Amino acid sequence: LSSSGDLLQSPVKIGWSSSCRGDFTEMFAHHIITNLLVIGSSYSRYTRIGSMVFLVHDISDVPVDLSKLANFLKWKATTVVCFVS
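J.: Describe a nonpolar patch on the surface, naming the residues involved and giving the relevant values.
T.: Together, Val 62, Leu 66, Leu 69, Phe 72, Leu 73 and Trp 75 line one region of the surface with nonpolar side chains, adding up to about 640 Å² of accessible area. Residue placement: Trp 75 occurs in the loop between helix 3 (47–72) and helix 4 (76–84). When its relative accessible area of 49% is taken as the criterion, Trp 75 is described as partly exposed.

Given below as structure tokens:
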């Protein structure tokens, strides 16, 4: 439930953010599609598929966030390593 709550509020949070980043459209579409997959799998009683969507979504956030952090700190080699992994 907490993951679905986070996914449901993410497009709203991104939409009303004071600073609009360059990947706004992609992130907005990403969260809408993820929400549709989870809600659709739950509605169709394919809860295992919805769980796998959550798993893939949460696991992929770790290297992406580390890459953003390394980019913010201007660590070019670390950014590439985190982004490729």
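More follows now that the structure is in view.
J.: Let's hear about the packing of helix 2 (residues 24–43) against helix 3: which residues, and what values?
T.: As a packed pair, helix 2 and helix 3 sit with axes 7 Å apart at the nearest point and diverge in direction by 155 degrees. In terms of their interaxial angle, helix 2 and helix 3 are classed as roughly antiparallel. Mapping the contact onto sequence places His 30, His 31, Thr 34, Leu 37, Val 38 and Ser 41 in helix 2 and Thr 47, Ile 49, Gly 50, Val 53, Phe 54 and His 57 in helix 3.

J.: Which residues make up the environment of Thr 79, and what values go with them?
T.: Following the sequence through the fold, Thr 79 ends up in helix 4. In sequence terms Thr 79 and Lys 68 are eleven residues apart; their C-alpha atoms lie 7.2 Å from each other. Not counting chain neighbours up to four residues away, the residues in contact with Thr 79 comprise Ser 67, Ala 70 and Asn 71. From its side chain, Thr 79 meets the backbone oxygen of Trp 75 in a polar contact 2.7 Å long.

J.: Can you explain unusual backbone geometry? Please cite residues and give values.
T.: Of note, Arg 45 is a non-glycine position whose phi angle comes to about 65 degrees, a positive value. Residue Arg 45 is classed as exposed on the basis of its relative accessible area of 74%.

J.: Can you tell me about helix 3, naming the residues and giving the values?
T.: End to end, helix 3 covers 37 Å across 26 residues, agreeing with the expected 38 Å (1.5 Å per residue, within 8%). Taking the largest bend as the criterion, helix 3 deviates by roughly 25 degrees, centred on Asp 61, and proline Pro 63 comes between one and four positions later. Turning to helix 3, its buried residues are Gly 50, Val 53, Phe 54, His 57, Ser 67 and Ala 70. Positive phi shows up at Lys 74, right after helix 3, with a value of about 65 degrees.

J.: So what about the packing of helix 3 against helix 4? Which residues, and what values?
T.: Two elements in contact, helix 3 and helix 4, have axes separated by 8 Å at closest approach and are oriented at 165 degrees. When the axis of helix 3 is compared with that of helix 4, the two are roughly antiparallel. Of the two elements, helix 3 crosses helix 4, and the hand of that crossing is left-handed. From helix 3, Pro 63, Leu 66, Ser 67, Ala 70 and Asn 71 reach across to helix 4, where they touch Thr 78, Thr 79, Cys 82 and Phe 83. Grouping the constituent residues of the contact of helix 3 with helix 4 by class yields five nonpolar, four polar and no charged.

What counts as what
Residues numbered from 1 in each chain as written. Predicted model: local features only at pLDDT ≥ 70, side-chain atom pairs only at ≥ 80, totals over all residues. Heavy atoms only, no water. Patch = residues over 30% accessible without salt bridge, like charges linked within 9 Å, V, L, I, M, F, W, Y side chains within 5 Å. Areas by Shrake-Rupley, 256 points an atom, 1.4 Å probe, with all protein chains shown as cover. Salt bridge = Lys/Arg side-chain N within 4 Å of Asp/Glu carboxyl O. Helix = DSSP H or I, 4+ residues; strand = E, 2+ residues; numbered from the N terminus. Buried < 20%, exposed > 50% of the residue type's maximum accessible area, 1.4 Å probe, protein only. Axes fitted to C-alpha atoms, helices over the stretch in contact; angles between N-to-C directions. Parallel < 35°, antiparallel > 145°, perpendicular 65-115°, else oblique. Contact = heavy atoms within 4.5 Å. Polar contact = N/O pair within 3.5 Å; in protein donor to acceptor, adjacent residues only side chain to side chain. Expected span 1.5 Å × (residues − 1). Bend = angle between axes of the 7 residues up to and from the residue. Left-handed = near helix turned anticlockwise from the far one by under 90°. Nonpolar A, V, L, I, M, F, W, Y, C, P; charged D, E, K, R; others polar.

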